[in-house]
Amino acid sequence: MPTECPGIPARLAAVHDRVAAAARAAGRDPREVRVLLATKTQDAETVLAGVRAALDLADAAGDDRPVLVGENRVQELVAKAPALAELVGSGRAEAHLIGHLQKNKVNQVLASATAVDSVDSVALARALSTRCERDGRSLDVLVQVNVSGEDSKSGVAPDDATALAAEVAGLPGLRLTGFMTIGARSDDEALVRAGFARLRGIRDEVLASGAPGTATARELSMGMTGDLELAVAEGATVVRIGTAVFGARPTPAG
Ligand SMILES: *Cc1c(COP(=O)(O)O)cnc(C)c1O
């Protein structure tokens, strides 16, 4: 049984309080920052409990934007898609892929995802665009940037990010809506913040370029349970939260 379920609404409300406090401290409107539910390892029932809690909070606030849900693995995205299908179909939820995507899984992802937040190469972007064009649809994407340079993280190198963004923005099947990063794994707040500031700088540079398709690239998806305050201070428009809403994940075996 998902024993965490009864606690999810209270925990999500606490996350919204943290986001709102961080936004106000930065002189920003809390409504500029959305919470994406990062649902890796959670079962479909728990994910739905999270989405319902988010919808309740949104309804109470008169916010009719869809609830954002993010999965890391294609397999999990596909497995939980049926549970979310009705809410996604009615526009009340969006299913995002937030983990690394291999080109050979593009078809599987497009069958289940509303958006791909982890585009990190031209080859992947072209594969997504070609397939979307063939299907007569368009896909929202973020370019993922590895601001920390840590080997364990995917994402394009910061120096290559503006060029990749311009390419992605020009592809007919895709709509570039912004940028995503995972913050440095460090206790050094200045270092973590500098990485988030770097992503904001890349976003601003791309917007200012005026290149075709870049005008929509406003989102900054950055900040997780441990560093959301720093990300909001640096301009995050989406924070991706797992642990603070669903509790600690079991450590994967191996
Ligand atoms: C797991 C994960 C999150 C959420 O992390 P928490 O620390 O559990 O909030 C956010 N983004 C990505 C890409 C993740 O893999």
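The rules we used
- Residues numbered from 1 in each chain as written.
- Predicted model: local features only at pLDDT ≥ 70, side-chain atom pairs only at ≥ 80, totals over all residues.
- Heavy atoms only, no water.
- Core = buried A, V, L, I, M, F, W, Y, C linked by side-chain atoms within 4.5 Å.
- Buried < 20%, exposed > 50% of the residue type's maximum accessible area, 1.4 Å probe, protein only.
- Helix = DSSP H or I, 4+ residues; strand = E, 2+ residues; numbered from the N terminus.
- Contact = heavy atoms within 4.5 Å.
- UniProt positions renumbered as here; feature names shortened; annotations may be inferred.
- Near = heavy atom within 4 Å.
- Polar contact = N/O pair within 3.5 Å; in protein donor to acceptor, adjacent residues only side chain to side chain.
- Nonpolar A, V, L, I, M, F, W, Y, C, P; charged D, E, K, R; others polar.
- Pairing = 2+ DSSP bridges.
- Right-handed = clockwise from strand over helix to strand, strands pointing away.

Overview of the nonpolar core
Okay, step 1: Counting 70 residues, the largest nonpolar core has Leu 128 and Phe 179 as the members making the most contacts within it.
Okay, step 2: Among the elements that take part in this core, helix α2 (residues 44-60) stands out by supplying seven residues, more than any other.
Okay, step 3: Apart from residues no more than four positions distant in its own chain, Leu 128 is found in contact with Leu 101, Val 106, Leu 110, Val 116, Val 119, Leu 139 and Leu 174.
Okay, step 4: One finds Ile 98, Leu 142, Met 180 and Val 238 within the second-largest nonpolar core, a separate group that totals seven residues.

Side note on the UniProt feature "modified residue: N6-(pyridoxal phosphate)lysine" (unreviewed entry) in the chain
Okay, step 1: The UniProt record marks Lys 40 with the feature "modified residue: N6-(pyridoxal phosphate)lysine" (unreviewed entry), using the residue numbering of this structure.
Okay, step 2: Note on placement: Lys 40 falls in the loop between β1 (34-38) and α2.
Okay, step 3: Leave out the neighbours within four places in its chain, and Lys 40 touches Gly 70, Glu 71, Asn 72, Glu 76, Lys 80 and Arg 249.

Structural notes on the site of the ligand
Okay, step 1: In the vicinity of the ligand, the contacting residues are Ala 38, Lys 40, Asn 72, Ile 98, Ile 182, Met 224, Thr 225, Arg 240, Ile 241, Gly 242, Thr 243 and Arg 249.
Okay, step 2: Residue Arg 240 places a side-chain N or O atom 2.8 Å away from a nitrogen atom belonging to the ligand.
Okay, step 3: Across the shell around the ligand, the residue classes tally to five nonpolar, four polar and three charged.

Digging into the UniProt feature "domain: Alanine racemase N-terminal" (unreviewed entry) in the chain
Okay, step 1: Those residues carrying the UniProt feature "domain: Alanine racemase N-terminal" (unreviewed entry) are residues 70-250 in this numbering.
Okay, step 2: Counting secondary structure, residues 70-250 comes out at 44% helix and 18% strand; the distance between its end C-alpha atoms is 18 Å.

Let's talk about the pairing of strand β6 (residues 174-180)
Okay, step 1: The element β6 is extensively covered by neighbouring structure, given that six of its seven residues are classed as buried.
Okay, step 2: Sheet topology note: the strand β5 (residues 139-144)/β6 ladder contains six bridges and is parallel. Bridging from a neighbouring strand, Leu 142 pairs with Gly 178 of β6.
Okay, step 3: Note on the crossover from β5 through helix α6 (residues 158-169) to β6: the handedness is right-handed.
Okay, step 4: Across three bridges, β6 lies against strand β7 (residues 219-221) in parallel orientation. Across the sheet, residue Phe 179 finds its bridge partner in β7, namely Leu 220.
Okay, step 5: Crossover β6 to β7 through helix α7 (residues 189-209) is right-handed.

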